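Now for the letters of each chain:
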Amino acid sequence: MTIRKITTFPEEVLRQEAEPVEIFDEDLAKLIDDMVDTMREAPGVGLAAPQIGISKRIIVIEFGDEEDETVPNQLYVMINPEIIKESNDKVPGIEGCLSVPGVVGNVDRSLAVTVRGQNIHGKPVKIRAQGWLARIFQHEIDHINGVLYTDRAEEIWKPEQEDLDTI
Ligand code: ZN
């Protein structure tokens, strides 16, 4: 278990279309452990492999319920994730990113998404996410496609306090 260094804008790896994962082995499990540790240490609620300099289609998310703080955080690991369905309803929200430190921005995202991918053993998984969790999935899947939220934000500014969840 190792905390990896987080890559930041304008490092090239953040702009690459990441490679699909084809081998589900011990090395992949170790990489995912490191991603989870790095996300928790940052701290952030999500992390994509390019954010630690690895151009692979892997995301990790750890998030609870945005309205009910008694709901414990849940860890999601998705390999080769893709959005297969998204609601037409878009909602604005303020995002920050571990790879773009010091700023936040207002981004419109689909209110709900269905994401298909694989788990750590290569088995197919599907999840339907809403609200902030749906936003985190969209933000992380953007990362593996070389897209940063700042590309989509209507406005970017320096927050007075950095108390926002960063992804
Ligand atoms: Zn990010």
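A brief structural summary.

Describing the side chain of glutamate 95
Right, so step 1: The topology assignment puts glutamate 95 in strand β4 (residues 90-97).
Right, so step 2: In this structure glutamate 95 comes out as buried when scored by relative accessible area, which is 0%.
Right, so step 3: Engagement of the side chain of glutamate 95 in a polar contact is seen with the side chain of arginine 135, the distance being 2.8 Å.

Some points on the pattern of salt bridges
Right, so step 1: What the rule picks out here adds up to 10 salt bridges.
Right, so step 2: Of the charged contacts, one joins glutamate 95 and arginine 135 as a salt bridge, the two residues approaching to 2.8 Å between their closest N and O atoms. Of this pair, glutamate 95 sits in strand β4 while arginine 135 is found in helix α2 (residues 131-144), placing the two residues 40 residues apart along the sequence. Of the two residues examined, glutamate 95 and arginine 135, each falls in the buried class.

Some words on the sheet that holds strand β8 (residues 155-157)
Right, so step 1: With antiparallel pairing, the three strands of this open sheet are ordered in space as β4-β5-β8. The open sheet terminates on both sides in strands that have one partner only, identified here as β4 and β8. The average undirected angle you get between the axes of adjacent strands in this sheet is 20°.
Right, so step 2: The sheet contact formed by β4 and strand β5 (residues 100-110) spans eight bridges and is antiparallel. Counterpart to cysteine 97 in the pairing with β5 is valine 100.
Right, so step 3: Sheet strands touched by α2: β4 and β5. Its angle to β4, the strand with the most contacts, is close to 60°.

Re the packing of aromatic side chains
Right, so step 1: Applying the stated criterion across every chain, the model contains one aromatic pair.
Right, so step 2: Where tyrosine 76 meets phenylalanine 137, the ring centres are 5.9 Å apart and the plane angle is 70°; that geometry is what we call edge-to-face. Note that tyrosine 76 is positioned in strand β3 (residues 74-86) and phenylalanine 137 in helix α2, a separation of 61 residues in sequence. Across the pair, exposure class does not vary: tyrosine 76 and phenylalanine 137 are buried alike.
Right, so step 3: In this structure, arginine 135 packs its charged tip against the face of tryptophan 132, placed 5.2 Å from the ring centre.

Rules of the game
- Residues numbered from 1 in each chain as written.
- Predicted model: local features only at pLDDT ≥ 70, side-chain atom pairs only at ≥ 80, totals over all residues.
- Heavy atoms only, no water.
- Helix = DSSP H or I, 4+ residues; strand = E, 2+ residues; numbered from the N terminus.
- Buried < 20%, exposed > 50% of the residue type's maximum accessible area, 1.4 Å probe, protein only.
- Polar contact = N/O pair within 3.5 Å; in protein donor to acceptor, adjacent residues only side chain to side chain.
- Salt bridge = Lys/Arg side-chain N within 4 Å of Asp/Glu carboxyl O.
- Pairing = 2+ DSSP bridges.
- Axes fitted to C-alpha atoms, helices over the stretch in contact; angles between N-to-C directions.
- Contact = heavy atoms within 4.5 Å.
- Phe/Tyr/Trp six-rings, centres within 6.5 Å; stacked < 30°, edge-to-face > 60°.
- Lys NZ or Arg CZ within 6 Å of the ring centre and 35° of its normal.

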